[in-house]
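Survey of secondary and tertiary structure
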Amino acid sequence: MPLKGLNILEFSGLAPVPFVGTILSDFGANVTVIQKRSVIMELTGFLNGGKKSISINLKHPEGIEITQKLIINADIVLEPYRPGVMEKLGLGPDVMMAKNPRLIYARLNGYGSHGQYAKRAGHDINYLAMSGLLSLYGSKNSKPVPPVNFSEFAGGSMVCVMGILMAVIERYKSGKGQVVDASITEGISYVGSWLMCSQESMIWGKPKGQNILDGGMHFYDTYETKDGKWMAVGAIEPAFYQEFIKGLGLNINDIEQMNNFEGNRVIIANKFKGKTREEWCNIFDSKDACVTPVLELDEVDQHPHNASRNSYIRKDNIVLPVPAPKLSVTPGVSSSNKPTVVCGQNTREILESIGYTQIEINKLFENKTIFQDSKSRL
């Protein structure tokens with residue numbers, strides 16, 4: 001696996017940082033997560049498959065000492081806190097990179113490591129709003145509507161992984177690590193580069209919900225079927241549009257692409273209501289018309305295309321994606337099917353690996369510097 005041999009130390013936080021650890025784990029890295037007992041942290045447990053867990057009391061001086069030793073032995077640190085938190089603990093990049101010059105110190109948070117909002121709390125909707133992209137979401141004459149919590153992973157986790165891997169490549173050249181300052185707000189803006197660059201083109205130019213790519217046109221929209229399911233239509237190019245209209249059984253001369261958008265939408269909507277989703281799939285699967293079913297999460301693995309590529313696996317009857325992209329020589333292996341650790345499950349094992357004796361470890365348990373639960377969630 002491409003990242004085999006890299007040792008990652010992940011500080012537990014909300015989902016974007018655990019997803020970074022999951023991606024690195026899926027492609028072979030060894031990931032140890034420092035966890036604390038918390039109800040909120042249960043939300044990150046979904047992304048702890050294949051990782052090891054140590055529970056340390058970071059308010060205890062000996063806990064800080066343990067953590068420093070772990071960082072010194074790590075290749076990469078994943079840190080989710082607001083600026084200044086790690087510095088107050090004596091675990092900031094200046095201190096730790098002086099002890100471990102090869103360390104790659106990845107900081108992932110909402111607004112970055114400095115700036116007016118750097119220490120402010122936020123969530124996906126706030127970062128998307130600050131990027132400017134939220135203003136593009138929503139139907140005609142509606143308020144901005146955020147997509148399902150997604151920006152933190154696309155603009156946060158994935159961009160952070162990209163920064164880490166570039167830092168790994170640079171380290172092979174220079175022998176030195178560096179800080180990866182990953183702001184979710186900046187990351188989602190970067191992911192949205194094309195949307196920003198194209199604002200003066202014919203694609204946009206009209207108010208929200210009235211453009212080609214935001215549901216403003218009848219040939220780029222979703223339509224309900226007879227059985228209450230949905231089809232997605234993206235027939236932008238004229239050739240695809242002609243195939244689309246033919247598939248509907250309509251005459252291209254009666255429903256021109258660039259005229260009477262709302263009237264055409266009504267005609268198309270009524271037509272889709274005449275057949276079930278499966279019946280429409282039987283028609284459009286043989287046509288190059290950019291028309292596909294809107295699949296539910298619990299059925300994506302059953303679609304013939306996805307099934308042929310083994311794009312999903314199931315765990316406890318929940319559909320989960322396999323690692324992407326697919327590498328021809330060193331593909332990733334999903335951590336989702338591996339046991340999910342509970343808080344501090346590997347505490348003793350990890351301390352032994354960095355030189356602590358059993359007597360020292362027992363004393364640390366007694367003074368509540370460390371904790372350990374014994375059973376994983378399969």
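For the structure itself, consult the block above.
Procedures and definitions
- Residues numbered from 1 in each chain as written.
- Predicted model: local features only at pLDDT ≥ 70, side-chain atom pairs only at ≥ 80, totals over all residues.
- Heavy atoms only, no water.
- Helix = DSSP H or I, 4+ residues; strand = E, 2+ residues; numbered from the N terminus.
- Buried < 20%, exposed > 50% of the residue type's maximum accessible area, 1.4 Å probe, protein only.
- Contact = heavy atoms within 4.5 Å.
- Salt bridge = Lys/Arg side-chain N within 4 Å of Asp/Glu carboxyl O.
- Pairing = 2+ DSSP bridges.

Here's the deal with the overall build of the protein chain
- Assigned secondary structure in the protein chain consists of 14 helices and 12 strands.
- With respect to the three principal axes, the spread of C-alpha positions in the protein chain is 85 × 45 × 40 Å.
- Expressed as a percentage of the 378 residues in the protein chain, the buried residues total 43%.
- For the protein chain, contacts bridging at least 24 residues in sequence account for 64% of all contacts bridging at least 6.

Details of helix α1 (residues 16-26)
- Counting buried residues in α1 gives 10 out of 11 residues, a clear majority hidden from the surface.
- Among the residues making up α1, those that are buried are P16, V17, P18, V20, G21, T22, I23, L24, S25 and D26.
- Residues of α1 that are buried in the fold lie against β1 (7-11), β2 (30-35), β4 (76-79), β5 (104-109), α6 (151-174) and α7 (184-191).
- One or two residues past the end of α1 sits G28, with phi positive at roughly 110°.

Topic: the pattern of salt bridges
- Going through the model one piece at a time under the given rule, you end up with 12 salt bridges.
- One salt bridge in this structure joins R107 and E87, with 3.0 Å as the shortest N-O distance. Linking R107 in strand β5 with E87 in helix α3 (residues 85-88), this pair joins segments that are 20 residues apart in sequence.
- Judged by its relative accessible area of 8%, R107 is buried.
- One salt bridge in this structure joins E243 and K246, with 3.9 Å as the shortest N-O distance. Of this pair, E243 and K246 both sit in helix α9 (residues 238-248), 3 residues apart, which is roughly one turn of the helix.
- For E243, a relative accessible area of 24% corresponds to the partly exposed category.
- Taking relative accessible area as the criterion, K246 reaches 53% and is therefore assigned exposed.
- One salt-bridge network, in which partners are shared between bridges, spans E79, E87 and R107.

Section: the sheet that holds β4
- The mixed open sheet is built from 7 strands, whose spatial order is β6-β5-β4-β1-β2-β3-β12. Two strands bound the open sheet, and with one partner strand each, they are β6 (179-183) and β12 (370-371).
- Where β5 lies against β6, 5 bridges are found, and the strand directions are parallel. Its bridge partner being in β6, A106 is matched across the sheet by V180.

Regarding the side chain of N264
- Residue placement: N264 occurs in helix α10 (residues 261-272).
- For N264, a relative accessible area of 2% gives the class buried.
- Contacts of N264, omitting those with residues within four sequence positions, involve H218, I255, E256 and N259.

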